[in-house]
Amino acid sequence: MLFDWVKELTTYLPTDFTTHHCLGCGQSTSIRHYWCSTCQQLLTPEITQRCRSCGLPIASGELCGHCISHPPEYDQTFVFDDYRWPLNKLIQHFKHQRQPLLGRALAELFYQQHATLPKGVLCPVPMHWLKKWRRGFNQSEILMQTFAQYYHYDYRELFVKPHASVDLIGLTRAQRRMIVKKNYRLKHDHNLPKRVILVDDVMTTGATLDELAHQLKQAGVSQVHCWIIARTPSPYAG
Ligand SMILES: [Zn+2]
Ligand SMILES: [Zn+2]
């Protein structure tokens, strides 16, 4: 990858040329690292056991109570960490201050946490064209492209989002499902891979990922995994 090549090259240059700033706190650090040692430490996930299905922290077992009573359409979720400081701030900066490099650095953190994961075709959660135009990029695509480089997996944009989002907070599961269903459309339902990996920055209710997984399964995909940078506790849990 280009950034790795730059990192390699700058190893042989004098120090003055090789310092840059930590993406977390702005302190000078080597160009070979995205983070200073303090930020790297702060960004180290606390060891928590997670529900295999939805990625929520659990005390014991494989699945959380919600996934046992209402199994989601996706099969497995891999999470870097909970949506907590400073990760939450970094994700907000990545998205709202047009900092795609931060997204690549967050994807690298995920890779360091999960270096070996089941192979599949990576797919971003789509964004409505107007929102993408305003933001400058779709954060899921940035993460997915970085994952494709690190894991050497293929990627395909399988969905379109013809309508802009509405706020799903406060709605029932059935209402959320109905809205989300209208918002996303599978572009191709032929030659789909056996396993699709849905990539997103934050997972909150899981309603969007559930609907995308539902459409994929209907079209014949046998397994759907989710790769997520940060997991918030679901406001609907319990
Ligand atoms: Zn730092
Ligand atoms: Zn669960």
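In what follows, the accompanying structure is described. Keep in mind that what you see is a predicted model, and the values were worked out from it rather than measured.

Looking at the sheet that holds strand β3 (residues 76-82)
Right, on to step 1. If you trace the four strands from one edge of the open sheet to the other, you get β3-β8-β7-β4, paired in parallel fashion. In the strand order of this sheet, the two ends are held by β3 and β4 (121-124), each with one partner. Going across the sheet, the axis of each strand differs from the next one's by a mean of 20°, ignoring polarity.
Right, on to step 2. Bridge analysis of β3 against strand β8 (residues 223-231) gives six bridges, and the strand direction is parallel. The residue of β8 that forms the bridge with Phe 78 is Trp 227.

Some thoughts on helix α6 (residues 100-113)
Right, on to step 1. The first and last C-alpha atoms of α6 sit 20 Å apart over 14 residues, in line with the 20 Å expected at 1.5 Å per residue.
Right, on to step 2. Those residues of α6 not exposed but buried are Leu 102, Gly 103, Arg 104, Ala 105, Leu 106, Ala 107, Leu 109 and Phe 110.
Right, on to step 3. Packed against the buried residues of α6 are β3, α5 (87-96), α8 (139-151) and β8.

Points about the nonpolar core
Soluble globular proteins tend to bury their nonpolar side chains together.
Right, on to step 1. Among the nonpolar cores identified, the biggest contains 43 residues, and Leu 106, Phe 147, Val 196, Leu 198 and Val 199 are the most heavily contacted of them.
Right, on to step 2. Contributing elements (two or more residues each) for this core: β3, α5, α6, β4, α8, β7 (195-203), α10 (207-218) and β8.
Right, on to step 3. For this core, the domains that each give at least three residues are domain 1 (1-42) and domain 2 (67-231).
Right, on to step 4. Setting aside its immediate chain neighbours within four residues, Phe 147 contacts Ala 107, Leu 122, Tyr 153, Val 199 and Trp 227.

A few points about helix α9 (residues 173-183)
Right, on to step 1. Residues Arg 176, Val 180 and Asn 183 constitute the buried set of α9. With its buried residues spanning 50° around the axis, α9 presents them on a single face. Turned more than 90 degrees from where α9 packs its buried face, Ala 174, Gln 175 and Lys 182 sit exposed.
Right, on to step 2. In this structure, the buried side of α9 is in contact with α10.

A look at the packing of α5 against α6
The description of two helices packed together rests on the angle between their axes and the distance between the axes.
Right, on to step 1. Contact geometry of α5 with α6 gives a least axis separation of 7 Å together with a crossing angle of 140°. Taken together, α5 and α6 sit at an angle that is classed as oblique. The crossing of α5 and α6 is left-handed. Along the contact surface, α5 presents Leu 90, Ile 91, His 93 and Phe 94, while α6 presents Leu 102, Gly 103 and Leu 106.
Right, on to step 2. Looking at the contact of α5 with α6, its residues break down into five nonpolar, two polar and no charged.

The rules we used
Residues numbered from 1 in each chain as written. Chains lettered and ligands numbered in written order. Predicted model: local features only at pLDDT ≥ 70, side-chain atom pairs only at ≥ 80, totals over all residues. Pairing = 2+ DSSP bridges. Helix = DSSP H or I, 4+ residues; strand = E, 2+ residues; numbered from the N terminus. Axes fitted to C-alpha atoms, helices over the stretch in contact; angles between N-to-C directions. Expected span 1.5 Å × (residues − 1). Buried ≥ 20, exposed ≤ 12 C-beta atoms within 10 Å, placed from the backbone. Contact = placed C-beta atoms within 7 Å. Core = buried A, V, L, I, M, F, W, Y, C linked by C-beta atoms within 7 Å. Domains from an automatic or database assignment. Arc of directions from axis to C-beta. Parallel < 35°, antiparallel > 145°, perpendicular 65-115°, else oblique. Left-handed = near helix turned anticlockwise from the far one by under 90°. Nonpolar A, V, L, I, M, F, W, Y, C, P; charged D, E, K, R; others polar.

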